[in-house]
Amino acid sequence: MNFRFQPQKSRLLGPRVVIYTILILAMAWVMMRYDKNLKEDNAKRNITTRQEVTLKDAPADSTLPRLVLLADSDNNLDDLVNKANKELKGKCLVSVVTAAGDSDLAILKKAFQVDLFPTAILFDKDDHEIGRATPPLTLERLRELFP
């Protein structure tokens, strides 16, 4: 009986190299699919990666302050906006930003540092915050924002 050690033939790639290569390629594929699905989901919801709120109805060169009313989908501010437009005409420009869903609500909370909705924020012509009114919003509380 001969129990000598038999050397194996030398291999170009060992099993560890092959297994690690397969795992790395699988992880790259999963990451690529996740990124593709995330982009498709954002495109469906029309979400931009830049979380900035812009107001379309206010002229950029206006010297009037801007009153921004922030609301969630539960609040209907149409009546208050109509009254504010009549009462505060010539004093400020009134804009309404309404969050359509939970993701938009989170963006508004982060961008404007707001906890309760509806909230009114008064900005000067240089977009610096002058004043803020928290719920319940009434026309009298909006008038208090102006000196």
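Because the structure is a prediction, the values reported are computed rather than measured.

Draft legend 1. Fine view of the overall build of the protein chain. Counting its secondary structure elements, the protein chain contains four helices and four strands. Secondary structure elements of the protein chain occur, N-terminal to C-terminal, as α-β-α-β-α-β-β-α. By residue count, 26% of the 147 residues in the protein chain fall in the buried class. Within the protein chain, contacts between residues at least 6 apart in sequence are counted, and of these 63% link residues at least 24 apart. If you sum the accessible surface of the protein chain, you get close to 11,600 Å²; carbon and sulfur atoms cover 55% of it.

Draft legend 2. Looking closely at helix α2 (residues 78-87). Regarding α2, the residues found buried are Leu80, Val81 and Ala84. The buried residues of α2 occupy an angular sector of 100° when the element is viewed end-on, so they sit on one face. Seen from the open side of α2, the exposed residues pointing more than 90 degrees away from its buried face are Asp78, Asp79 and Lys86. Where α2 is buried, its residues touch β1 (66-71), β2 (93-98) and α4 (139-143).

Draft legend 3. Here's a closer look at the packing of aromatic side chains. The full count for this structure, using the stated rule, is one aromatic pair. Aromatic pair phenylalanine 112 and phenylalanine 123: ring centres 6.3 Å apart, planes at 55°, arrangement tilted. Residue phenylalanine 112 is found in helix α3 (residues 102-112), and its partner phenylalanine 123 is found in strand β3 (residues 119-123); the two are separated by eleven residues along the sequence. Exposure class is identical for phenylalanine 112 and phenylalanine 123. Each is buried.

Draft legend 4. Quick peek at the pattern of salt bridges. Evaluated as defined, the whole model comprises one salt bridge. Across the pair arginine 132 and glutamate 129 runs a salt bridge, and its minimum N-O distance is 2.9 Å. A relative accessible area of 43% places glutamate 129 in the partly exposed class.

Here is what the cut-offs are and how they apply
- Residues numbered from 1 in each chain as written.
- Predicted model: local features only at pLDDT ≥ 70, side-chain atom pairs only at ≥ 80, totals over all residues.
- Heavy atoms only, no water.
- Helix = DSSP H or I, 4+ residues; strand = E, 2+ residues; numbered from the N terminus.
- Buried < 20%, exposed > 50% of the residue type's maximum accessible area, 1.4 Å probe, protein only.
- Contact = heavy atoms within 4.5 Å.
- Areas by Shrake-Rupley, 256 points an atom, 1.4 Å probe, with all protein chains shown as cover.
- Arc of directions from axis to C-beta.
- Phe/Tyr/Trp six-rings, centres within 6.5 Å; stacked < 30°, edge-to-face > 60°.
- Salt bridge = Lys/Arg side-chain N within 4 Å of Asp/Glu carboxyl O.

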